[in-house]
Amino acid sequence: MAVSLPYSALAVVAVVAFLVLRAVYRVTFHPLAKFPGPKLAAISSIYQAWYDLRPETSYIFEFARLHEKFGPIVRITPNQLHVFDIAAYNEIFKIGTRYARHRDNYNNEAADGFFNQLELKTAKPWRDAYQPYFSKGAITRLEPLINSRIKKFLSKFELAAANNEPMDLSMGFRSVTSDVVTSYMFADNGFELLDVKDFQSSILIALEQYFDFSQWATYWPNFMPWLTRQLQKLTEEQQEKFIPALAATNWITEQCRLKVERIMQNGGSEDGTPTVFDAWAKPKEKRTWTPNMRQMTADAFTFHGAGTDTTAHTLTTATWHLINNEECLQKLRAELHEAVKEPESEQLVSTNVLETLPYLRAVVKEALRMSMGVPGRMARVVPEGGAVLCGQKIPGGTAITSACYCYHFDPKVFPSPHTFDPERWLAPDAAQLESRFMAFSKGPRSCIGINLAYAELYLNLAYMVRRFDLEACQTTDRDMEWKDNFVVTTKGHLRVKVKRVEEDN
Ligand code: HEM
């Protein structure tokens, strides 16, 4: 004991000295030292963690204040800048951009397919193989499948109305979006989450926790994948008991693997129904490379993860605001009354028609503005040789972000940004707003599923509003507050009571 005390004291002194020296280096000699921002943020990532890792807050909510104080470029962590300037955003996310993805946000083991490919030259040919399966034409041809899942979803509303039972719509929307994307990927019934009682699928609950957990990967991009690999060594029972999010991730991954393997073995789906994985299963003359099974499994995991909560959260946002805004709801219903003459018909009106309805379009747009897919940091790397943004030279290799949240909630462009106001998309100067709309991101890594997302948004909203009256129950404003977990996670769920809309003719 007598001997170890000086050593431990020495160790403490060494650690303190290291932290002090590092802090001095970071604020004076570091390549980003000249950029303004809170000193504490320049010294340590603890500043960011103080906001992000508490359940109440998210760091991105601070950005408007920081830009107000420090200008268009702010040093938000020791090694990362945030830029709030539309010209800079357009430069970073343009077609042909030289800004690669930064590993901090793209290191998740389960999504280690094309999503984690940082460089465009490796991601592009891989992603291009999937692109035709998400084109507008492909999604229009997919409408029978989308419609069948939406009709199943609507039948749950019927049941809830008949039994006067509340519905957890946050989970319902996730169930329908999951079933659509998995049915398409695997040319079968998908994960069939709409069949789970009250939509309380353990997979979806665990997926929520998974996004909470994935926050941590931003802080330790090397440590977290390593930790995940170590936790994988636990037995299935141990994982289910202690880390259900990991158990669910494994279940999804295993389902994806089995289903993709079957498609690959059969050279496509058994009955010829198109699947996303025809991209690799069908012989193609020009193909020089095919991902391996682990990579295709990761792609399937990504399509599911990217296509479920994002679309569902937009539907939740739209529904919550429509419930609380009678005027908007009645305008929308009046428009739909004209456009959807037979709401009970087996044949749903096509998305191609629904998206021409001005008010519905404005509602969808406004819901996307407020919900966003990825509200915060999708870190990119400044190309070798550096770049000039907002008139300032930024060293090559710097991590830089430009959060969608800042643009979508900028009061100079969207007055009263926290008010749900579809009318703003119908005003004479609405075209200007389009340039600040980036829910699906922009450029070569923007959302590949945009057409599928729009189809699901239009069809779900149109038929739900046309056929049912909703009243929120056991849901408060606080439940609808959200956290930046890379995707958006609300603090609670939207629960509703449902009644059929009375037909007046
Ligand atoms: C309202 C719904 C949606 C929104 C707002 C949304 C938004 C986004 C955004 C912002 C990105 C860029 C992410 C980044 O750079 O890190 C993205 C990427 C992606 N989205 Fe979506 N998304 C939605 C629905 C969908 C759907 C239905 C799918 C279907 C599979 C999908 C599949 C993907 C994929 C695979 C990527 C990664 C693309 C890449 O790595 O190059 N998304 N999405």
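What you are looking at is a predicted structure, and each value in this text was computed from that prediction instead of being measured.

Peer 1: Any chance you could break down the overall build of the protein for me, citing the residues and the numbers?
Peer 2: Looking only at helices and strands, the protein features 22 helices and twelve strands. For 505 residues, the compact-globule estimate of 2.2 N^0.38 gives 23 Å, and the protein sits close to it at 24 Å.

Peer 1: So what's going on with the site of the ligand? Residues and values would help.
Peer 2: Taken together, 25 residues form the shell around the ligand, and within it Ala306, Gly307, Gly373, Cys447 and Gly449 come nearest. Sorting the residues of the shell around the ligand by element identifies α6 (120-130), α15 (293-323) and α21 (450-467) as the ones contributing at least two each. Sort the elements by how many residues they give to the shell around the ligand and α15 lands first, with seven residues. Class assignment of the residues belonging to the shell around the ligand gives a composition of 14 nonpolar, nine polar and two charged.

Peer 1: Which residues make up the nonpolar core, and what values do they have?
Peer 2: In this structure, Phe277, Leu360, Val363, Tyr458, Leu459, Leu461 and Ala462 are the most contacted members of the largest nonpolar core, which totals 132 residues. Top element by residues in this core is α21. It accounts for twelve residues. Excluding its chain neighbours within four sequence positions, the residues that come into contact with Tyr458 are Thr351, Leu354, Glu355, Leu360 and Val364.

Peer 1: Lay out the sheet that holds strand β4 (residues 167-168) with the relevant residues and their values.
Peer 2: The sheet built from three strands is open, its strands ordered β4-β12-β9 with antiparallel pairing. A single partner strand is all that each edge strand has here, and the edge strands are β4 and β9 (468-472). Here β9 pairs with strand β12 (residues 495-500) via five bridges, running antiparallel. Its bridge partner lying in β12, Phe468 is registered against Arg500. Where helix α8 (residues 143-163) meets the sheet, it contacts β4, β9 and β12, and its direction lies at approximately 85 degrees from that of β12.

Peer 1: Describe helix α16 (residues 326-339), naming the residues involved and giving the relevant values.
Peer 2: Given 3.6 residues per turn, any residue in an α-helix points the same way as the ones three and four places further on. When the terminal C-alpha atoms of α16 are compared, their 20 Å separation across 14 residues agrees well with the 20 Å that a helix rising 1.5 Å per residue should span. Every buried residue of α16 is listed here: Cys328, Leu332, Glu335 and Leu336. The buried side chains of α16 occupy one side of the element, clustering within an arc of 95 degrees when seen end-on. What points out from α16, more than 90 degrees from its buried face, is the exposed set Glu326, Glu327, Gln330, Ala334 and Glu338. For α16, the secondary structure elements touched by its buried residues are α15, α18 (358-371) and α21.

Peer 1: I'd love a proper account of the sheet that holds strand β8 (residues 399-401), names of residues and values included.
Peer 2: In spatial order, the strands read β1-β2-β8-β5-β3; together these five strands make up an open sheet with mixed pairing. Both outer strands of the open sheet, β1 (73-77) and β3 (100-101), are each paired with one neighbouring strand and no more. For strand β5 (residues 380-381) and β8, the ladder comprises two bridges, and the chain directions are antiparallel. Following the sheet pairing, Arg380 is matched in β8 by Ile400.

Peer 1: Before we move on, can you summarise the pairing of β12 with the specific residues and values?
Peer 2: The pairing of β4 with β12 spans two bridges and is antiparallel. Note that in β12 the partner of Asp168 across the bridge is Arg495.

Peer 1: I'd love a proper account of unusual backbone geometry, names of residues and values included.
Peer 2: Although it is not a glycine, Ala187 sits at a positive phi angle of roughly 50 degrees. As for its position among the elements, Ala187 is in the loop between α9 (169-186) and α10 (202-219). The phi torsion at Ser441 lies on the positive side, around 65 degrees, for a residue other than glycine. Tracing the chain through its elements places Ser441 in the loop between α20 (430-434) and α21. Residue class for Ser441 comes out partly exposed when judged on the 17 C-beta atoms lying within 10 Å of it.

Peer 1: A description of the pairing of strand β11 (residues 487-490) should follow, citing residues and the corresponding values.
Peer 2: Where strand β10 (residues 482-485) lies against β11, four bridges are found, and the strand directions are antiparallel. Within β11, the position partnered with Asp484 by the bridge is Val488. The antiparallel hairpin formed by β10 and β11 contains one residue in its connecting segment, where Phe486 sits at a positive phi of about 75 degrees.

About the cut-offs
- Residues numbered from 1 in each chain as written.
- Predicted model: local features only at pLDDT ≥ 70, side-chain atom pairs only at ≥ 80, totals over all residues.
- Helix = DSSP H or I, 4+ residues; strand = E, 2+ residues; numbered from the N terminus.
- Rg over C-alpha atoms; globule rule 2.2 N^0.38 Å.
- Near = placed C-beta within 6 Å.
- Nonpolar A, V, L, I, M, F, W, Y, C, P; charged D, E, K, R; others polar.
- Core = buried A, V, L, I, M, F, W, Y, C linked by C-beta atoms within 7 Å.
- Buried ≥ 20, exposed ≤ 12 C-beta atoms within 10 Å, placed from the backbone.
- Contact = placed C-beta atoms within 7 Å.
- Pairing = 2+ DSSP bridges.
- Axes fitted to C-alpha atoms, helices over the stretch in contact; angles between N-to-C directions.
- Expected span 1.5 Å × (residues − 1).
- Arc of directions from axis to C-beta.

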